[in-house]
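The primary structure of each chain is shown beneath.
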Amino acid sequence: MLKEIKEDIQTIFERDPAARNIAEILLTYSGFHATLLHRIAHFLWRKNVPVFPRLVSHFSRFITGIEIHPGATIGRAFFIDHGMGVVIGETAEIGDNVTLYQGVTLGGTGQEPGKRHPTLGNNVIVGAGAKVLGAIVLGNHVRVGANSVVLKSVPDHATVVGIPGKIIHRQKEEGVLDHTNLPDPIAERLERLEREIQELKHEIQQRVSHTMGGFSG
């Protein structure tokens with residue numbers, strides 16, 4: 001566990017340009033606090049310690065605003081940026097080098113038993129406010145745009161945006177999540193519809209003009 005904690009601290013330095021020193025991380029980073037307390041709670045959960053893992057989780061939520069069920073499995077180099085409002089369900093599984101932004105939910109879709117929360121592969125980034133729901137799988141190097149709602153599994157190296165989430169492209173190389181350049185599939189659909197309407201208007205005008213010309217002749 002100590003090795004994982006050290007990796008979590010190093011990860012913050014690598015992914016957050018505002019991180020200046022270890023003391024600042026240890027004292028002020030709620031994402032680190034939530035991850036640290038979860039690793040303790042998860043260790044106790046796996047040892048079948050009654051009640052106490054949930055108490056640790058409840059205390060973590062109280063001081064950080066981040067709710068992680070002690071049964072959730074989280075890999076190495078995990079980073080929660082800002083973190084307020086993050087919720088991670090009991091059967092969620094998170095791979096290595098994963099980043100979650102504030103307001104992310106890894107939740108279920110109902111009361112189904114067994115596996116009911118998402119599985120995230122390695123090197124996944126989930127943008128602020130995104131919801132990933134159900135026993136679905138996000139592959140390695142997946143990027144989820146802010147406020148997206150993902151209800152279906154996503155293959156490796158894909159970027160997903162929208163409600164419900166749509167795959168907008170796939171890339172072979174690992175990249176960052178650039179929210180400023182993400183396409184808007186709804187806006188693109190509306191633009192296509194507007195173009196089609198204009199084309200129909202033009203065609204109708206041409207036919208009307210042709211008909212009126214025939215009458216005048």
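Residues numbered from 1 in each chain as written. Predicted model: local features only at pLDDT ≥ 70, side-chain atom pairs only at ≥ 80, totals over all residues. Heavy atoms only, no water.

(A) Representation of the overall build of the protein chain within the structure. Secondary structure summary: the protein chain contains five helices and 15 strands in total. With 217 residues in all, the protein chain has 41% of them scored as buried. Sequence separation of 24 or more characterises 34% of the internal contacts of the protein chain that already satisfy a separation of 6 or more. On the protein chain, roughly 12500 Å² of surface is accessible, and the fraction owed to carbon and sulfur atoms is 57%. (Helix = DSSP H or I, 4+ residues; strand = E, 2+ residues; numbered from the N terminus. Buried < 20%, exposed > 50% of the residue type's maximum accessible area, 1.4 Å probe, protein only. Contact = heavy atoms within 4.5 Å. Areas by Shrake-Rupley, 256 points an atom, 1.4 Å probe, with all protein chains shown as cover.)

(B) Quick peek at the environment of T105. Inspection of the secondary structure puts T105 in strand β7 (residues 105-107). In this structure the C-alpha to C-alpha distance between T105 and P118, which are 13 residues apart in sequence, comes to 9.8 Å. Apart from the residues lying within four places of it in its own chain, the contact partners of T105 are V87, A130, K131, V132 and L133.

(C) Representation of helix α4 (residues 52-64) in the model. For α4, with 13 residues, the first-to-last C-alpha span of 18 Å sits near the 18 Å given by 1.5 Å per residue. Turning to α4, its buried residues are P53, V56, S57, S60 and T64. Take α4 and look down its axis: the buried residues cluster within an arc of 100°, on one side only. Buried-residue contacts for α4 involve α3 (30-46) and β1 (67-68). At the exit of α4 stands G65, carrying a positive phi of roughly 75°. (Expected span 1.5 Å × (residues − 1). Arc of directions from axis to C-beta.)

(D) Molecular detail of the environment of L100. Note on placement: L100 falls in strand β6 (residues 99-101). Residue classification places L100 among the buried positions, given a relative accessible area of 0%. Along the primary structure L100 and V86 are separated by 14 residues, whereas in three dimensions their C-alpha atoms are 8.0 Å apart. Non-local contacts of L100, meaning those with residues more than four positions away in its chain, are made with F78, F79, I80, D81, V86, I88, L106, L120 and V126.

(E) Fine view of the sheet that holds strand β8 (residues 119-120). The four strands lie next to each other as β2-β5-β8-β11, forming an open sheet whose pairing is parallel. The sheet is open, and its two edges are formed by β2 (73-74) and β11 (137-138), each paired on a single side. In this sheet, strand β5 (residues 93-94) lies alongside β2 in parallel orientation, the contact comprising two bridges. Among the inter-strand pairings, I74 is bridged to a residue of β5, identified as I94. (Pairing = 2+ DSSP bridges.)

(F) Representation of the packing of α3 against α4. Two numbers describe how α3 lies on α4: the axes approach to 8 Å, and their chain directions differ by 175°. Between α3 and α4, the crossing angle belongs to the class labelled roughly antiparallel. Side by side, α3 and α4 meet where S30, H33, A34, L37, A41, L44 and W45 of the first sit next to F52, P53, R54, V56, F59, S60, I63 and T64 of the second. Residue composition of the contact of α3 with α4, by class: 10 nonpolar, four polar and one charged. (Axes fitted to C-alpha atoms, helices over the stretch in contact; angles between N-to-C directions. Parallel < 35°, antiparallel > 145°, perpendicular 65-115°, else oblique. Nonpolar A, V, L, I, M, F, W, Y, C, P; charged D, E, K, R; others polar.)

(G) Structural context of the pattern of salt bridges. Inspection of the entire model under this criterion finds seven salt bridges. Between E4 and R39 there is a salt bridge, with the nearest N and O atoms lying 3.7 Å from each other. Here the residue E4 occupies a position in helix α1 (residues 2-15), and R39 occupies one in helix α3, the gap between them amounting to 35 residues. Judged by relative accessible area, R39 falls into the buried class, the value being 6%. The salt bridge partner of E93 is K115, with a shortest N-O separation of 3.2 Å. (Salt bridge = Lys/Arg side-chain N within 4 Å of Asp/Glu carboxyl O.)

(H) Highlighting the environment of P155. If you trace the backbone, P155 turns up in the loop between β13 (149-150) and β14 (158-161). In sequence terms P155 and V137 are 18 residues apart; their C-alpha atoms lie 8.0 Å from each other. With residues up to four places along the chain from it excluded, the contact list for P155 reads G139, V142, I167 and R170.

(I) A nonpolar patch on the surface, seen in detail. Together, V49, V51, F52 and L55 give the surface a local cluster of nonpolar side chains, amounting to about 360 Å² of exposed area. Relative to the assigned elements, V49 resides in the loop between α3 and α4. (Patch = residues over 30% accessible without salt bridge, like charges linked within 9 Å, V, L, I, M, F, W, Y side chains within 5 Å.)

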